Amino acid sequence: MKTTIKTKMTQNISLNNKKISIKDYFMSNYPAKIIKYKNYRDDLILICPLCNWEGTAQESETIENNSACVTVECPNCEKMLLIAEFPLAN
Ligand SMILES: [Zn+2]
């Protein structure tokens, strides 16, 4: 029985006869840009290498803030575009 629950980027693709997830494929070929949080601004222009979406972090409306970093994803294809790391606590 097929499940209809859709999860993010769980499709598999075949690469060199090896099945890998699309997420692994794109993350390794187009790694997200990693910057320091002090260099992060909401109006940074981001360009998605997969679907060519272009806009600011704020426009993407995918900004997520967790204890370690701020992440921004492409609003079209969910590609991780930017990771802004918080400074490590001393
Ligand atoms: Zn995209």
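Residues numbered from 1 in each chain as written. Predicted model: local features only at pLDDT ≥ 70, side-chain atom pairs only at ≥ 80, totals over all residues.

Draft legend 1. Quick peek at the sheet that holds strand E3 (residues 33–36). Strand order across the open sheet formed by four strands is E3-E8-E7-E6, with mixed pairing between neighbours. Where the open sheet ends on each side, the last strands, each with one partner, are E3 and strand E6 (64–65). Alignment of E6 against strand E7 (residues 69–73), held across two bridges, turns out to be antiparallel. By the bridge assignment, asparagine 65 is partnered in E7 with valine 70. (Pairing = 2+ DSSP bridges. Helix = DSSP H or I, 4+ residues; strand = E, 2+ residues; numbered from the N terminus.)

Draft legend 2. A look at the confidence of the model for the chain. Residues at a pLDDT of 70 or more form 69% of the chain, whose mean pLDDT is 82. Predicted confidence in the chain is weakest over strand E1 (residues 12–15), with a mean pLDDT of 61, and strongest over strand E5 (residues 54–56), with 97. (pLDDT = per-residue confidence, 0-100.)

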